[in-house]
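Overview (structure and organization)
Listed below, chain by chain, are the residues.
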Amino acid sequence: MQNKKPHNVLVIHSSNKNDSWVKDLNRGIKKAFDDKNLDTQIKEYYLSSELRTEEARQNEINKLLDSYKSKPLDLIIVADDDCFYSFFATEHPYTHSKPVIFAGIDYVISDLFGVHNHKNVTGITNEPNFIETYRLAVQLFGMINNIQIIAENSPAGKAAIEDAKSLLLNIPNAVIKEDSLQVDTWESLESESTDSVYIYIKNLNKINGRQLMESMTYKPHSFCIMAKWSDFYSDLPLMGTAPFLMINNEGFGDGRIGGYMAENYEVGYEAGNMAAKVLTGTPVDSIPVKAIELKPIFNWTQLQRWNISIDKLPANSIILNIPMAIRYSNLIIYVLIFSGLFIVIVTVSLIYILNKEKKDKKLAQNLLLNKREELEVTMKSIRESVISIDKNKQIFAINQSALDSLGLKKDIHEYIGTDIFSIFNITLRGNENYLIDIFDSLDKNYLSYQLEKGTTIVTSENQSLLIEGTVSSLQTMDNYTGWIISFKDITDEFIKKELHTLAMGDAHVYAWRYNGKKDVFVFEEVFFRETGVYDNGKHTIHSDVFEGMIHPEDYANWSKQINHILQRKSEKQNIQLRIYINNKYEWWSFNVTYINNPALSTSFTLFGLCMNIQTFKETEENLRIAKNKAEESDKLKSIFLSNMSHEIRTPLNAIVGFSNLLTSDDNFTAEEKSIFVTTINEKCEILLTLINDILDLSRIESGLPFNPEICNLTLIIEETLASEKTNLSKYVILKKYLPKEPVFIKTDSLRLRQLIRNLISNSIKFTREGYIEVGCSINRNKNLIFYVEDTGLGISLKEQKKIFERFYKTDNFSQGGGLGLSICKVIVDRMSGEISVQSVQGEGSKFTVVLPYSSVIESSYDNE
């Protein structure tokens, strides 16, 4: 017996359920099940593909399939390439265990399931034919020597590119140019062989906006193919001026002329037949993959745009959107004949009535003519294009600016009474009924309608102009009589704006905008390429991710400034903040403003420009440091001159004075002269010490290299104490606390001796009684510690902060230039160590030097 329980079938799409091709596909599947008398429950799931990462799509499919673990599921139908790739890339158990039928697939990427021996998969392919598309282009346009193949970097897009290259190479004299960043102009093509057919492969992820627009710009003997359709790039044919032919039926319309493609209803019906066989017991692996027949299908609107006659189309062509008058022309002829006879009869019967009304009409026409003349005078003074239309959509007034914009050459009066659609139409993003929709809206509301951004006028010569303007209801007293259209051509402004955008790209300035509906920041593709920020393929960064890139210290300022914009407290803001890029924070400048369109009550969009200012910030910091150094140098120079004038003048005065005494005629005793000579020698030694200190400080600070060698620190301390012992006051005791075993250190011996000597001599200078203690040890952290402690004058807390500055002296009357401790500080810094002072005024001081472990020879630790 047949199981009466209905079969559960899951159909997964990666397009919007309102797309016409999706509806046709679903209708075909359901019709096949009905024809087979199968009781089925079909669950349709629409996987959103716009601005989604592949990982997010796969996660969504995994969750979907997991939700059926507790529900019966007999078969899965997967529609279109993007869904096909994401479905099998998940490697979910159901991709192996459940029968799977694919439908509407251009390229079966067998690597996704072939390596895992999927025997549960079959389906319907479209197998795009690039050669037939090329022949069709020759049939429609004549000679073709330039083909632009545009595809994205998805698996299906890559497969399409490889398919295009392998097939189109069979064209005689074909030349493939793949991922070329140089866009060949028409003049450059003519300079090459005119027999060649140049095939440009353009990967959307590898070219910038200018190159893309060049590719889609009309050139004689050329056409474009969108090799792989997606929601994100669906508007590309509308953005360019080149003709677009198709190799699949996804997104049909949108500026594409047509091509060889499958009828989606037939694809769905064949997929439904395959599914019916499986559900009634036929093994999946016994049903071969079937290639659907491709048919020539065209869009009547685009045929008219490109002046392509129906006679040029293949014999079995299907034409969509064809007007009834063309489709049923023969029937209309017969209808017209009979209608003509009827009209003649009616006309004769109405002649009497018309003659009677003729006088009244003539009077009304004269009145209307007077009003029209008054209106014409007014309209001539208006610089914008203005056209007045009656309720029958016929022109009754038009100014010269409108004639110039529309390229109309006749006199103004010759267009009076003309139907507006015979000379122009106003469209918006493929909606050719946009102007009709506006008229219908104004009929009901008596309002003035602001044309939306992107509105285009299409002239009778099929020329397109970007415009901005309004359509308003025309009223006389309480009567509604027609409409007034006023507009301005902004094509040149748009081009200038695009050129400005290109210029910003060369200057590393990037445009961005915030999409509040999807809560993402949208940047130019070049921003991701030049900064190394991860690009999800949609050129977007979710707001949570972007805010996480902001330095924590700068986030509050960013939030505050953005809120000022959102609350309309200000129209523009310049925000400088640090962004985490390339594993580090860098300074960026964001100029922020907004678009608020009154015609759309909820339209409020942030946008602006951003620029990396890290170099500027670093330069600013370097200038600040340089300024501080210059000020410090100037200060040191003043201190130096002040100190030197005193320190040099004092001993020089003594030297000169006693020298004059020695050479005078006064009779000094030999003992007195000896005292004079001793004094002169002492002052000379002071001068020499001062000069040597200045030279030493200059050499060390200029980066003079140290000469490291293994030094016996204990021995150096012993020698220094012995040499300085003679300078001790008789009331001072010299103490030393040194390890029993010698302590060795690897450093510059000369500078180490200078460091120890300066610290000891400094204590001797200011200690008149008590003791001076010198010692060294190695602490538990294996740092070498050397100290000099005394019971001298001591140093106040205020002076302790300045004691290591150059030329600083606690006692201005003491001998010396105030450089000894400065030299010690510089030497310790060069040794990567630290020097500090602990002191109580009137009780004494202790200077401590700590040198790092890396300078100590490990074998010397015996006192851990």
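For the structure itself, look to the data block above.
Below is a summary of the structure that appears in this document.

Parameters at a glance
Residues numbered from 1 in each chain as written. Predicted model: local features only at pLDDT ≥ 70, side-chain atom pairs only at ≥ 80, totals over all residues. Heavy atoms only, no water. Helix = DSSP H or I, 4+ residues; strand = E, 2+ residues; numbered from the N terminus. Buried < 20%, exposed > 50% of the residue type's maximum accessible area, 1.4 Å probe, protein only. Pairing = 2+ DSSP bridges. Axes fitted to C-alpha atoms, helices over the stretch in contact; angles between N-to-C directions. Contact = heavy atoms within 4.5 Å. Phe/Tyr/Trp six-rings, centres within 6.5 Å; stacked < 30°, edge-to-face > 60°. Lys NZ or Arg CZ within 6 Å of the ring centre and 35° of its normal. Salt bridge = Lys/Arg side-chain N within 4 Å of Asp/Glu carboxyl O. Polar contact = N/O pair within 3.5 Å; in protein donor to acceptor, adjacent residues only side chain to side chain. Core = buried A, V, L, I, M, F, W, Y, C linked by side-chain atoms within 4.5 Å. Nonpolar A, V, L, I, M, F, W, Y, C, P; charged D, E, K, R; others polar. Expected span 1.5 Å × (residues − 1). Parallel < 35°, antiparallel > 145°, perpendicular 65-115°, else oblique. Left-handed = near helix turned anticlockwise from the far one by under 90°.

**Points about the environment of Tyr-200**
Along the polypeptide, Tyr-200 turns up in strand 8 (residues 197-203). With relative accessibility at 1%, the residue Tyr-200 sits in the buried group. For the pair Tyr-200 and Ile-150, spaced 50 residues apart in sequence, the C-alpha to C-alpha distance is 8.3 Å.

**Describing the sheet that holds strand 8**
If you walk across this open sheet you meet the eight strands as 7-8-6-9-10-11-13-14, and the pairing is mixed. At either end of the open sheet lies a strand with only one pairing partner, and these are strand 7 (174-178) and strand 14 (318-320). With strand direction ignored, the average angle separating the axes of adjacent strands in the sheet is 25 degrees. As paired strands, strand 6 (residues 146-151) and strand 9 (residues 222-226) are joined by five bridges and run parallel to one another. The residue bridging Ile-149 from the neighbouring strand is Ile-225, located in strand 9.

**Here's the deal with the sheet that holds strand 26 (residues 584-595)**
With respect to topology, six strands assemble into an open sheet ordered 24-23-22-27-26-25, the strand pairing being antiparallel. Two strands close off the open sheet at either side, each with one partner strand: strand 24 (540-542) and strand 25 (573-581). Mean inter-strand twist for the sheet, computed between neighbouring axes without regard to direction, equals 30 degrees. Sheet topology note: the strand 23 (residues 520-523)/strand 24 ladder contains three bridges and is antiparallel. In the strand pairing of strand 24, Val-522 is matched with Thr-540. Running over the sheet, helix 19 (residues 552-566) touches strand 23, strand 25, strand 26 and strand 27 (605-612) and is turned about 145 degrees from strand 25.

**So, the pairing of strand 1 (residues 7-13)**
Along strand 1, seven of the seven residues are buried, which leaves the element largely enclosed by surrounding structure. Here strand 1 shows a buried face lined by His-7, Val-9, Val-11 and His-13 and a second buried face lined by Asn-8, Leu-10 and Ile-12. As paired strands, strand 1 and strand 2 (residues 40-46) are joined by seven bridges and run parallel to one another. Bridging across to strand 2, Val-9 finds its partner in Ile-42. Sheet topology note: the strand 1/strand 3 (residues 75-79) ladder contains four bridges and is parallel. Paired with Leu-10 across the two strands is Ile-76, which belongs to strand 3.

**Some details on the packing of aromatic side chains**
Inspection of every chain in the model, using the stated rule, returns 23 aromatic pairs. Look at Phe-87 and Phe-88: their rings are 5.1 Å apart centre to centre, the planes differ by 85 degrees, and that puts the pair in the edge-to-face class. Look at Phe-87 and you get buried, because its relative accessible area is 0%. Aromatic pair Tyr-265 and Tyr-269: ring centres 6.3 Å apart, planes at 25 degrees, arrangement stacked. With Tyr-265 and Tyr-269 both in helix 10 (residues 264-279) and four residues apart, the pair spans about one turn of that helix. Residue class for Tyr-265 comes out partly exposed when judged on its relative accessible area of 27%. Of the residues examined, Tyr-269 reaches a relative accessible area of 23% and is grouped as partly exposed. Three or more aromatic residues link up through ring pairs in this structure, and these residues are Tyr-510, Trp-512, Tyr-514, Phe-521, Phe-523, Phe-527, Phe-528, Phe-546, Trp-558, Trp-588 and Phe-590. A cation over an aromatic ring shows up here: Lys-617 above the ring of Trp-587, its NZ or CZ 4.4 Å from the ring centre. Note that Lys-846 overlies the ring of Tyr-787, its terminal NZ or CZ placed 4.7 Å from the centroid.

**Remarks on the pattern of salt bridges**
All chains considered together, the criterion is met by 21 salt bridges. Sharing partners across several salt bridges, the network here consists of Glu-162, Lys-165 and Glu-178.

**What to know about the side chain of Thr-747**
Looking at where Thr-747 falls in the secondary structure, it is placed in strand 30 (residues 744-748). Its relative accessible area of 8% is what places Thr-747 among the buried residues. With sequence-adjacent residues up to four places away left out, Thr-747 is seen in contact with Asn-707, Pro-708, Glu-709, Cys-711, Leu-752 and Met-831.

**A word on helix 3 (residues 81-89)**
Here helix 3 lies mainly inside the structure; seven of its nine residues are buried. Residues Asp-81, Asp-82, Cys-83, Phe-84, Ser-86, Phe-87 and Phe-88 constitute the buried set of helix 3. Regarding helix 3, its N-cap is Asp-80, as a side-chain oxygen of that residue lies 3.5 Å from the backbone nitrogen of Asp-82 further along. Phi for Glu-91, located one or two positions after helix 3, is positive at around 55 degrees.

**Description of the nonpolar core**
Nonpolar side chains in soluble globular proteins tend to be buried together. Core analysis: the largest hydrophobic core is formed by 61 residues, its most contacted members being Phe-130, Ile-147, Ile-149 and Leu-168. Top contributing element to this core by residue count: helix 10, with seven residues. Sequence-distant contacts of Ile-147, that is, excluding residues within four places in its chain, are made with Tyr-134, Ile-171, Val-197, Tyr-198, Ile-199, Tyr-200, Phe-223 and Ile-225. In this structure, Ile-778, Ile-795, Ile-803 and Val-837 belong to the second largest nonpolar core, which totals 38 residues.

**So, the packing of helix 5 (residues 130-141) against helix 6 (residues 155-168)**
Two numbers describe a pair of packed helices, the interaxial angle and the distance between the axes. The interhelical angle for the contact between helix 5 and helix 6, taken along N-to-C directions, is 65 degrees, at an axis separation of 9 Å. Side by side, helix 5 and helix 6 meet where Phe-130, Ile-131 and Tyr-134 of the first sit next to Ala-160, Asp-163, Ala-164, Leu-167 and Leu-168 of the second. A per-class count over the contact of helix 5 with helix 6 returns seven nonpolar, no polar and one charged.

**With respect to the pairing of strand 15 (residues 385-390)**
Side-chain direction in a regular strand flips from residue to residue, so the side chains alternate between the two faces of the sheet. Most of strand 15 sits inside the fold, with five of its six residues counted as buried. With three bridges connecting them, strand 15 and strand 16 (residues 395-398) associate as antiparallel partners. Following the sheet pairing, Ile-389 is matched in strand 16 by Ile-395. Hairpin connection from strand 15 to strand 16: four residues lie between these consecutive antiparallel strands, with Lys-393 at a positive phi of about 65 degrees.

**Observations regarding helix 23 (residues 749-766)**
The end-to-end C-alpha distance of helix 23, which contains 18 residues, comes to 26 Å, matching closely the 26 Å that a straight helix rising 1.5 Å per residue would cover. Of all 18 residues making up helix 23, 13 are buried, and the element is well covered by its neighbours. The backbone nitrogen of Leu-750 lies 3.0 Å from a side-chain oxygen of the residue at the head of helix 23, namely Asp-748.

**What to know about unusual backbone geometry**
Phi angles above zero are rare outside glycine, and Asp-519 is one such case at about 55 degrees. Its place among the elements puts Asp-519 in the loop between strand 22 (509-515) and strand 23. At Ser-832, a residue that is not glycine, the phi angle is positive and equals roughly 60 degrees. Overall, the relative accessible area of 57% leaves Ser-832 in the exposed class.

**Topic: the packing of helix 2 (residues 54-66) against helix 3**
Between helix 2 and helix 3, the shortest axis-to-axis distance is 9 Å and the interhelical angle comes to 70 degrees. With respect to their mutual orientation, helix 2 and helix 3 come out roughly perpendicular. Between helix 2 and helix 3 the crossing geometry is right-handed. Mapping the contact onto sequence places Glu-54, Arg-57, Gln-58, Ile-61 and Leu-65 in helix 2 and Asp-82, Cys-83, Tyr-85, Ser-86, Phe-87 and Ala-89 in helix 3.

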